[in-house]
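Next come the chains, spelled out residue by residue.
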Amino acid sequence: MKIITRIVLQIAFFLILSPVQAATDQALRDEVCLNGTWNLELEGIQKPAQVRVPGSFAGQNQLWGKEHWDVWDYPEDWAKRPAIYVRSIEVPKNLGNRRVLIHLGGVRHVGKVSVNGKEVGSWWDSYVPFEFDITDAVKPGGNELRVHVSNARTCGLFEDYNERRRGIYRDVFLKFVPEVRVTPDLFVKTSVQRGEIACDIPVRNDTKKEQTVGLRFRVVEKDGKMVKSWSSPEKLSIAPGAEKTQSSVEPWKDPHLWSIDDPHLYFLETEVVGANGEVLDRHRQRFGFREITWKGPHLYLNENEIFLRGNGDHPQGDLQGGKEYSEAWIRQLKSQGVELMRLHNLPRHQEIYDAADEVGFLLLSEASHHFRMPPDDLAKAHMEHLVKWLRNRPSVMMWVVANELHWRNFPEPVFLIELCHQLDPTRPAYNSDFCEWSRHGDVLSKHYDATAVWSDWQKFGPDKPMVWDEIGNVWQQDRPLKTGPAGYEISSQDVATGIWRDGWEQMRNDILLFADGKEMALYGR
């Protein structure tokens, strides 16, 4: 019998006091933050209220039948009503060759945006940012922006943690961008093995005539010092109202690598150059030069095999959305020898990804497909939104397409794993579940039952790395966590299991099973 000896373990009537200052006319790109006090018009309530953005006008005051602290503390009766966020926005008189976009980082659960009475778009995926072009709806000077939030308790995805929460819960920006520009779907891919940086650059043409452009690239440090530069030898011809993507590959033999111990970050600056040499756009994207690879049961970061201890995290609400909170949390985990976190059940606030990139911490980014799947088209759209949003993050190590679907007789969503491979071939993708329902991903997931780790690995995927990402709570209790042997995980299961079943007892039994090392020795022979 083949013996497995290694394991990878988890886990705005306007009450606004003054209009927002208009962006300057000269910049290629500019943005104005719209966070702050907005008016809120609630159905059935005559007088508008004032609320903070970002925030949740309907809070989660109960969770799984138990009292839950709502950090926003707005009247509970608001939770039963649809609402409209209202505020004034200011647009400069001379836009030049620029478009105006409205960017919303997150709206629960279904949002519809209008400007000066004209609807400019609607959005259903409450977990990822979105933006609309509002150029044709605005006028110079003051404009009325309205964001309608329905009283739906779900957008069709998993909402157990957020079914009562509603509102604009992430940042809002007014953006001014060139008519010919790089779009947010830009993708930076780095390879240590091949010694290269590859970029997929989508360029949009919102002028009324065809544009032929070139691309120039610079990699710079945080302080602006240039590290390298190159130009694409090919020109890109783009029809009016169309978008095209151009790929560029450049050798890079001596980059400063991003790692857990040394999370070095670069910026890629992309210039779109017109036919007469004029700079039409300048786009900036932060990234880390690092590479995740896998072969057989082994997992590598920058060609070094890794064995990770992790934390399985359930969302705890809007309080977790701050950058300082996220950074302090991750630093505390790292101080205890934890290098990885599974973002269980749903995507998180942008701040946690920022902190992980900067502190040096790995994340398993999970879609909102928990116990059940929406229709395939919604599932695909959500997965695509998630991957494109986060794929330039060095901290994001793997894509998790769903969690424990077998409880409601949903099959392993192989089509989502394949979609991840198409959108991002640089990371593993898998379905998080018991091993039997996690056979088709790049890694094998393991849930529960510490006694069957080795036999399940041998039975369902001995040729893959294993991620024991739920109730993988093995730790040698007579040794400090910081100095324990690599390959085991901190006891990290959250309150969910303790509420619903004998989770704490299960953890205790698992710890006792492995505490003296005898079981490990038996399987390691």
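Residues numbered from 1 in each chain as written. Predicted model: local features only at pLDDT ≥ 70, side-chain atom pairs only at ≥ 80, totals over all residues. Heavy atoms only, no water.

## Re the overall build of the chain
At step 1: The helix and strand inventory of the chain stands at eight helices and 34 strands.
At step 2: Relative to its 525 residues, the chain shows a buried fraction of 58%.
At step 3: Working note: accessible area of the chain is about 22,400 Å², and carbon and sulfur atoms make up 49% of it. (Helix = DSSP H or I, 4+ residues; strand = E, 2+ residues; numbered from the N terminus. Buried < 20%, exposed > 50% of the residue type's maximum accessible area, 1.4 Å probe, protein only. Areas by Shrake-Rupley, 256 points an atom, 1.4 Å probe, with all protein chains shown as cover.)

## Observations concerning helix α4 (residues 414-423)
At step 1: Taken together, the buried positions of α4 are Leu416, Ile417, Leu419, Cys420 and Leu423. On an axial view of α4, the arc spanned by its buried residues comes to 160 degrees, and they lie on one face.
At step 2: Those residues of α4 that are buried lie in contact with β17 (187-191), α3 (376-390), β31 (396-403) and β32 (429-432). (Arc of directions from axis to C-beta. Contact = heavy atoms within 4.5 Å.)

## Details of the packing of aromatic side chains
At step 1: Applying the stated rule across the entire model yields 14 aromatic pairs.
At step 2: Relative to Phe289, the ring of Trp252 has its centre 5.1 Å away and its plane inclined at 85 degrees; by these criteria the two rings are edge-to-face. Of this pair, Trp252 sits in the loop between β22 (243-251) and β23 (266-273) while Phe289 is found in the loop between β24 (279-287) and β25 (292-295), placing the two residues 37 residues apart along the sequence. Note on accessibility: Trp252 and Phe289 belong to one class, buried.
At step 3: Here the aromatic residues Trp252, Tyr266, Phe287 and Phe289 are joined through ring pairs into a cluster of three or more.
At step 4: Directly above the aromatic system of Trp38 lies the positively charged group of Arg87, at a separation of 5.6 Å from the ring centroid.
At step 5: Over the aromatic face of Phe267 sits the side chain of Arg284, whose NZ or CZ is 3.9 Å from the ring centroid. (Phe/Tyr/Trp six-rings, centres within 6.5 Å; stacked < 30°, edge-to-face > 60°. Lys NZ or Arg CZ within 6 Å of the ring centre and 35° of its normal.)

## Brief notes about the nonpolar core
At step 1: In terms of nonpolar packing, the biggest core is built from 39 residues, with Phe57, Tyr85 and Ile102 touching the most fellow members.
At step 2: In terms of residue count, the dominant contributor to this core is strand β7 (residues 83-91) (four residues).
At step 3: Counting 31 residues, the second largest nonpolar core, distinct from the first, contains Tyr353, Ala367, Val387 and Cys420. (Core = buried A, V, L, I, M, F, W, Y, C linked by side-chain atoms within 4.5 Å.)

## Structural notes on the packing of α3 against α4
At step 1: Between α3 and α4, the shortest axis-to-axis distance is 10 Å and the interhelical angle comes to 35 degrees. Considering the relative orientation of α3 and α4, their crossing is right-handed. For the pair α3 and α4, contact is made by Asp376, Ala379, Lys380, Met383, Glu384, Val387 and Lys388 and by Phe415, Leu416, Leu419, Cys420 and Leu423, respectively.
At step 2: The residue makeup of the contact of α3 with α4, split by class, is eight nonpolar, no polar and four charged. (Axes fitted to C-alpha atoms, helices over the stretch in contact; angles between N-to-C directions. Left-handed = near helix turned anticlockwise from the far one by under 90°. Nonpolar A, V, L, I, M, F, W, Y, C, P; charged D, E, K, R; others polar.)

## Focus on the side chain of Glu250
At step 1: Looking at the element boundaries, Glu250 is found in strand β22.
At step 2: When residues no more than four places from it in sequence are discounted, the contact partners of Glu250 are Gly195, Glu196, Ile197, Lys228 and Trp230.

## Regarding the confidence of the model for the chain
At step 1: On average, residues of the chain score 85 in pLDDT, and 82% of them are at 70 or above.
At step 2: Of the regions scoring below 50 in pLDDT, residues 1-25 engages in 100 contacts with residues more than four places distant in sequence or in other chains.
At step 3: In the model, residues 474-502 has pLDDT below 50 throughout and makes 70 contacts with residues more than four positions away in sequence or in other chains. (pLDDT = per-residue confidence, 0-100.)

## Re the sheet that holds strand β28 (residues 310-313)
At step 1: Taking strand neighbours across the sheet as the criterion, the five strands line up as β28-β29-β30-β31-β32 in an open arrangement whose pairing is parallel. Both outer strands of the open sheet, β28 and β32, are each paired with one neighbouring strand and no more. Looking at each pair of strands side by side, their axes are set apart by 25 degrees on average, direction ignored.
At step 2: Across the sheet, helix α2 (residues 350-359) lies against β29 (340-343), β30 (362-366) and β31, angled at about 150 degrees from β30, the strand it touches most.
At step 3: Most of the contacts of α3 go to β31, to which it runs at about 170 degrees, and overall it touches β30 and β31. (Pairing = 2+ DSSP bridges.)

## Quick word on the pairing of β7
At step 1: Of all nine residues that make up β7, seven are buried, and the element is covered over most of its length.
At step 2: In this structure, strand β3 (residues 36-42) lies alongside β7, joined through four bridges in antiparallel fashion. What sits directly across from Glu41, in β7, is Ile84.
At step 3: Two elements, β7 and strand β13 (residues 141-149), share nine bridges in a ladder whose sense is antiparallel. Residue pairing in the sheet places Ile89 in a bridge with Asn143 of β13.

## Considering the sheet that holds β25
At step 1: In space, the three strands of this open sheet follow the order β25-β26-β27, with antiparallel pairing throughout. In the strand order of this sheet, the two ends are held by β25 and β27 (304-305), each with one partner.
At step 2: Taken together, the four bridges between β25 and strand β26 (residues 298-301) define a ladder with antiparallel strand orientation. Each bridged residue has a counterpart across the sheet, and for Ile292 the counterpart in β26 is Leu301.

## Comments concerning the packing of helix α1 (residues 323-335) against α2
At step 1: For the pair α1 and α2, the least separation of the axes is 8 Å and the interaxial angle reads 45 degrees. Between α1 and α2, the interaxial angle falls into the category oblique. For α1 against α2, the interelement crossing comes out right-handed. From α1, Lys323, Ser326, Glu327, Trp329, Ile330, Arg331 and Lys334 reach across to α2, where they touch Glu351, Ile352, Asp354, Ala355, Ala356, Glu358 and Val359.
At step 2: Classifying every residue of the contact of α1 with α2 gives six nonpolar, one polar and seven charged. (Parallel < 35°, antiparallel > 145°, perpendicular 65-115°, else oblique.)

## Digging into the pairing of strand β19 (residues 211-220)
At step 1: With respect to burial, β19 is a largely interior element, seven of its ten residues being buried.
At step 2: Sheet topology note: the β19/strand β21 (residues 236-238) ladder contains three bridges and is antiparallel. Counted as the bridge partner of Val213 is Leu236 from β21.
At step 3: Of the pairings in the sheet, the one linking β19 to β23 comprises seven bridges and is antiparallel in character. The residue bridging Arg218 from the neighbouring strand is Glu269, located in β23.
At step 4: Two strands pair when backbone bridges link them, and β19 and strand β20 (residues 226-231) are joined in this way by five bridges, in the antiparallel orientation. Paired with Arg218 across the bridge in β20 is Ser229.
At step 5: Where β19 hands over to β20, the hairpin turn is made up of five residues, of which Gly224 adopts a positive phi near 95 degrees.

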